Amino acid sequence: MNDNKSSPTKKRKSNDGRATTDDVNTGNTNDGGYFSGQWGGAASSGPSPTENNTSQLDRMEQIMMRMEEKLSAVSSLDSRCETLEAKCSSLQNMLESTSCKIDCLHLDLDQKCNSLESRLKTKVDSVHEKVERLLKLHEYNEMLIKNQSWEYSAP
């Protein structure tokens, strides 16, 4: 048997990129060495566990701060929405009130127009009768002047 292959404590060549028995963390954890700075038995030159946890906490804190900002924005938008809904309701009430007033004014104007139309028709009829009487009187006077006869009775 070859001593190089059978000895578990013997180191491999350092330039082949594989871990040696001295580099492997033999702690009994199920995280695969991820949080201890090692993954799959490979030597790690990354951050220590404390630095890794701190960076995770920093990222979580940043995420929480962004969530708080978004929540604040949503709260502000919600408040603005409530204000706009109140204004919309107020405008709708004003529109209904104005619409009712316009309907009442329209009805009133229709009644006044009908009344004026009736009065105008009465006056026109009266003027027409007067004009007819004056025309007959004028014809009568013309006939008298032409004929000098009294065939018609005076109106």
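The shown structure was predicted, so the numbers you read here are calculated from the model rather than taken from an experiment. (Residues numbered from 1 in each chain as written. Predicted model: local features only at pLDDT ≥ 70, side-chain atom pairs only at ≥ 80, totals over all residues. Heavy atoms only, no water.)

### Quick look at the overall build of the chain
When its secondary structure is counted, the chain shows two helices and zero strands. Burial analysis of the chain (155 residues in total) assigns 6% to the buried set. (Helix = DSSP H or I, 4+ residues; strand = E, 2+ residues; numbered from the N terminus. Buried < 20%, exposed > 50% of the residue type's maximum accessible area, 1.4 Å probe, protein only.)

### Concerning the pattern of salt bridges
The final tally for this structure, using the stated rule, is two salt bridges. Between Lys121 and Asp125 there is a salt bridge, with its nearest N and O atoms 3.8 Å apart. Remark: Asp125 and Lys121 occur in helix α2 (residues 49-147); sequence separation between them is four residues, near one turn of the helix. A relative accessible area of 37% places Asp125 in the partly exposed class. (Salt bridge = Lys/Arg side-chain N within 4 Å of Asp/Glu carboxyl O.)

### Points about the confidence of the model for the chain
Put simply, the chain has an average pLDDT of 77, and 65% of its residues get 70 or more. Confidence drops under a pLDDT of 50 for residues 23-30, and excluding neighbours within four residues, the segment shows six contacts in the predicted structure. (pLDDT = per-residue confidence, 0-100. Contact = heavy atoms within 4.5 Å.)

### Examining a nonpolar patch on the surface
Residues Ile63, Met64 and Met67 make up a contiguous nonpolar surface patch of about 290 Å² in total accessible area. Residue position: Met67 is located in helix α2. (Patch = residues over 30% accessible without salt bridge, like charges linked within 9 Å, V, L, I, M, F, W, Y side chains within 5 Å. Areas by Shrake-Rupley, 256 points an atom, 1.4 Å probe, with all protein chains shown as cover.)

### Focus on α2
With 99 residues, α2 ought to run about 147 Å at 1.5 Å a step, and its terminal C-alpha atoms sit 141 Å apart, in line with that. Asn52, Tyr140, Met143 and Leu144 are the residues of α2 that are buried. (Expected span 1.5 Å × (residues − 1).)

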